[in-house]
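Analysis of the macromolecular model
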Amino acid sequence: MNERQLFTKLLKKCSKNYLLDRGKQVHGAVEIFGFGRDLVLNNDLVDMYAKCRRMDLACSVFDRMPERNVVSWTALMCGFLQNGDAKTSLSLFSKMGLSAVKPNEFTLSTNLKASGILGIAENGKQIHGVCAKSGYECVPVVSNSIIDMYSKCDRISEAARMFNVMPVKNLISWNAMIAGYTLKRNGEEALKLFRMMQERGEAPDEYTYSSLLKACGCLGAVREGTQIHASLITQGFPYLVQSTVSGALVDLYVKCRNMVEARRVFNQIEQNNVISWNSLILGYAQEGNLPETMNLFQLLRESKHQVDGFLLSSLIGVFADFALVEQGKQMHAYTVKVPYGLEISVANSILDMYMKCGLTDEADALFREMPVRNVVSWTVMITGFGKHGIGKKAVDLFNEMQVDGIEPDSVSYLAVLSACSHSGLIKEGQEYFSSFCRNQHCKPQVEHYACVVDLLGRAGRLKEAMDLIEKMPLKPNVGIWQTLLSACRMHGDVEMGKHVGDILLRLDGNNPVNYVMMSNIYADAGYWKESENIRYVVKRKGLKKEAGCSWVEIDKKVHFFYNGDENHPLTEKIHGILKEMEKRMKEEIGYVHNTKFSLHDVEEESKVESLRFHSEKLAIGLALLSGGPKDGQRMIYVFKNLRVCGDCHTFIKGLSKFLKIVFVVRDANRFHRFENGICSCGDYW
DNA sequence: CACCTGGTGC
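The rules behind these values
- Residues numbered from 1 in each chain as written.
- Chains lettered and ligands numbered in written order.
- Predicted model: local features only at pLDDT ≥ 70, side-chain atom pairs only at ≥ 80, totals over all residues.
- Heavy atoms only, no water.
- UniProt positions renumbered as here; feature names shortened; annotations may be inferred.
- Near = heavy atom within 4 Å.
- Polar contact = N/O pair within 3.5 Å; in protein donor to acceptor, adjacent residues only side chain to side chain.
- Nonpolar A, V, L, I, M, F, W, Y, C, P; charged D, E, K, R; others polar.
- Helix = DSSP H or I, 4+ residues; strand = E, 2+ residues; numbered from the N terminus.
- Buried < 20%, exposed > 50% of the residue type's maximum accessible area, 1.4 Å probe, protein only.
- Core = buried A, V, L, I, M, F, W, Y, C linked by side-chain atoms within 4.5 Å.
- Contact = heavy atoms within 4.5 Å.
- Salt bridge = Lys/Arg side-chain N within 4 Å of Asp/Glu carboxyl O.
- pLDDT = per-residue confidence, 0-100.
- Pairing = 2+ DSSP bridges.
- Axes fitted to C-alpha atoms, helices over the stretch in contact; angles between N-to-C directions.
- Parallel < 35°, antiparallel > 145°, perpendicular 65-115°, else oblique.
- Left-handed = near helix turned anticlockwise from the far one by under 90°.
- Expected span 1.5 Å × (residues − 1).

Under an unreviewed UniProt entry, the name given to chain A is Putative pentatricopeptide repeat-containing protein, and the organism recorded is Senna tora. One UniProt comment on chain A, placed under Sequence similarities (unreviewed entry), says "Belongs to the PPR family. PCMP-H subfamily."

If you want it as structure tokens, here you go:
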């Protein structure tokens, strides 16, 4: 072996093992031995510095090269891509196009990948054109990259077309296509492709399994996921102690709410990485296991891994869902101290947390302070104000956002439309909807139509709402019919309600909510027999609604209540104070139990006894028992997982009037702010 | 010099 070959071999070894200092020594030797102008060795040097994450040094070698070939260019582009700078790779690609050097399959693949990462379909399509013209399209590396690029650019059908016409598919082609479907949350197609792969006798590898397990997680397909897990074990799959496949397994079990199994897989992994840590911690948080969440969070901080923005924003998101203000504030304080706390997604999750906990002022102050805001930041605020029934502010923000130069996307349109419907801003809502229809970039989805149906329904324009559903270019879903059905009930339109109910039950006959709504419509109109019949069907089918649960925070401790719950140590006293309130309300403002408005409730709850002990009332009872609002604020916050029932709504309105207390209730749909006998929802929710 | 993998959010 001559010296030149030796240097190449040494440099490759440095690249592979990220040995920067050793690489620098070899670089020095290359110069001393007079190989400073050697093309191949310079290419190796560029690659070595790039792999050692020193793009500055890679560039200086590249710049001083007397001549460059396609390998020199590609090594540099690759380096930028691997260091997270896809943009520079693409601009180098166009710079290279001006020189005489022609791209090869490596160059094309690298820049297809860069386009995919940036999600720029136009760019990728252009490179695809170059591939087609030069004949590289048929080289597997290139076609695989094309599949990857299209699926990352949200053009899954073009990815599938490439996959289908490829004359030779290798394992990576299958993996890329399965990953593409998984990315778009199309778990069914991913599993279908996997079955096809098995029929053809293709052996899967760890990439295939990672994607597949993710697909199962998206589908909530516990059975398929467990099967795959079992077959990995029986095959003696060598990767189960490694983090990638097992990380996907941990996440699968977390998504399927099986924390015992998730923990078991996690414990088996020899080298856990941040991702599996994050999955596990989030899993504990989502099931409300706060001690284990914080325990693991602490262990992670003590480990060699770094807490990242991903974990922070998702953890804060869980606190927001549970309305754990104290935990949320603690986390906010923590984010201020760490560098990744500055990430915009973390700031957005904090905004969202304050909004979901009812602290609009805190959110607003933080929002105004943020140095950088993106469309998500604005959308969080618009959604938040919308759910508080402060439609004016939501609308103003939506307009201000556009003045600020940020284009609304389909989620922000949803936010503003829903804000309009929650606040009864009918005209404004319709205007935003038509401007959305004229938008070049995105089209309304079923959810947007549902907002407009709600808007029209609220105004009693049921016929127009029905027309809209029938004329819209999309297939109506369960949600949109439910919206119309609610409107039918609110306006006492039994005939249309019956029609809509029939459609709904045919579409989704296993959701008890649909039956309850129908039953209530009949009951309101005095059709007792029909109402009973429907309730009977629910019983016969054994359909169960999610258990109603409310909670309230008192002295930094959260108390949970279920409907009719008698587990709280103060139950008797809570019942006592609620009965006393009812009595006073009856005498002072003529309150009677309102069974008519049990719209969102199910089963035997129409009985006065059970209405009295709905979870939200129990929570309020405890808050009153503990001396009412603290800190001089005349406010009590209560949170509920389902929608607040009509009777409770009337009850709380009454309470707010004669106790002179403001009650804020967050239900599954929006905030209700009760003040002096009036609710911010205007009795329509 | 290259292609495919795992965790948030409205």
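Things to note about the protein's contact with DNA strand B
Around DNA strand B, a shell composed of 44 residues is seen, among which N175, T244, N278, D308 and S313 lie nearest. Across the atoms of DNA strand B situated within 4 Å of the protein, the share located in sugar and phosphate is 45%. Contact distances for DNA strand B include 3.3 Å between a base oxygen and a side-chain N or O atom of S210. Between DNA strand B and the protein, one listed contact pairs a phosphate oxygen with a side-chain N or O atom of K255 at 3.3 Å. Tallied by class, residues from the surface near DNA strand B come to 12 nonpolar, 20 polar and 12 charged.

Examining unusual backbone geometry
Positive phi values are uncommon outside glycine, yet R257 reaches one of about 60°. Relative to the elements of secondary structure, R257 occurs in the loop between α15 (243-255) and α16 (259-268). Assessed through its relative accessible area of 68%, R257 is described here as exposed. Look at K660: it is not a glycine, yet its phi comes out positive at around 55°. With respect to the secondary-structure elements, K660 resides in the loop between α36 (646-659) and β4 (662-666).

A closer look at the nonpolar core
Nonpolar side chains tend to gather and get buried jointly when the protein is soluble and globular. Within the largest apolar cluster, 178 residues are counted, with the highest numbers of intra-cluster contacts made by L312, I480, W481 and L484. Among the elements that make up this core, the one with the highest residue count is helix α27 (residues 446-458) (eight residues). The residues contacting I480, other than those within four sequence positions of it, are V446, Y449, A450, V453, I469 and M472. Counting 33 residues, the second-largest nonpolar core is a separate cluster that includes V552, V638, L655 and C679.

Comments concerning the pattern of salt bridges
Across all of its chains, the model carries 23 salt bridges by this definition. R4 is paired through a salt bridge with D38; the nearest N and O atoms lie 2.6 Å apart. Taken together, the residues R4 in helix α1 (residues 3-17) and D38 in the loop between α2 (20-32) and α3 (39-51) connect sequence positions 34 residues apart. Assessed through its relative accessible area of 31%, R4 is described here as partly exposed. Owing to a relative accessible area of 15%, D38 belongs among the buried residues under this scheme. Salt-bridge contacts for R155 lead to E122; the nearest nitrogen and oxygen are separated by 4.0 Å. Of this pair, R155 sits in the loop between α9 (140-152) and α10 (156-165) while E122 sits in helix α8 (residues 121-134), and the two are 33 residues apart along the sequence. With relative accessibility at 30%, the residue R155 sits in the partly exposed group.

A few points about the UniProt feature "repeat: PPR" (unreviewed entry) in chain A
Mapped onto this numbering, the UniProt entry annotates "repeat: PPR" (unreviewed entry) at residues 69-103, 170-204, 273-307 and 374-408. Within residues 170-204, the helical portion is 74% and the strand portion 0%, while the C-alpha atoms at the span's ends are 11 Å from each other. From the first C-alpha to the last, residues 273-307 spans 11 Å; its make-up is 74% helix and 0% strand.

Here we look at the confidence of the model for chain A
For chain A, per-residue confidence averages 88 on the pLDDT scale, and residues scoring 70 or more make up 96% of the total. Contacts from residues 597-607, a stretch scored under 50 in pLDDT, to residues over four places away or in other chains number 34 contacts.

Digging into the pairing of strand β1 (residues 549-554)
Within β1, five of the six residues are buried, which leaves the element mostly enclosed by the surrounding structure. Where β1 meets strand β2 (residues 557-562), six bridges bridge the pair, whose relative direction is antiparallel. Within the sheet, the bridge partner assigned to C549 lies in β2 and is Y562. Between β1 and β2, which pair antiparallel in sequence order, lie two residues; one of them, D555, sits at a positive phi of approximately 50°.

Here we look at the packing of helix α23 (residues 375-387) against helix α25 (residues 410-423)
For the pair α23 and α25, interaxial distance at closest approach is 8 Å and the crossing angle is 15°. Relative to α25, the element α23 lies roughly parallel. Seen from above, α23 lies across α25 with left-handed handedness. Residues V375, T379, I382, T383, G386 and K387 of α23 lie in contact with α25, whose contacting residues are V411, S412, A415, V416, A419 and H422. Classifying every residue of the contact of α23 with α25 by side-chain character gives six nonpolar, five polar and one charged.

Digging into helix α21 (residues 344-356)
Given 3.6 residues per helical turn, the α-helix brings residues three or four places apart onto the same face. The terminal C-alpha atoms of α21, which comprises 13 residues, lie 18 Å apart, in line with the 18 Å expected from a rise of 1.5 Å per residue. Among the residues making up α21, those that are buried are V346, A347, N348, S349, I350, L351, M353, Y354 and M355. Buried residues along α21 sit in contact with α19 (309-322), α20 (325-337), α22 (360-369), α23 and β5 (671-675). Phi for G358, located one or two positions after α21, is positive at around 85°.

Side note on the packing of helix α11 (residues 171-183) against helix α13 (residues 206-219)
One way to put it is that α11 packs onto α13 with a least axis distance of 9 Å and a crossing angle of 20°. Between α11 and α13, the interaxial angle falls into the category roughly parallel. For the crossing formed where α11 meets α13, the hand is left-handed. Listed contacts from α13 to L171, N175, I178, A179, T182 and L183 of α11 are Y207, T208, S211, L212, K214 and A215.

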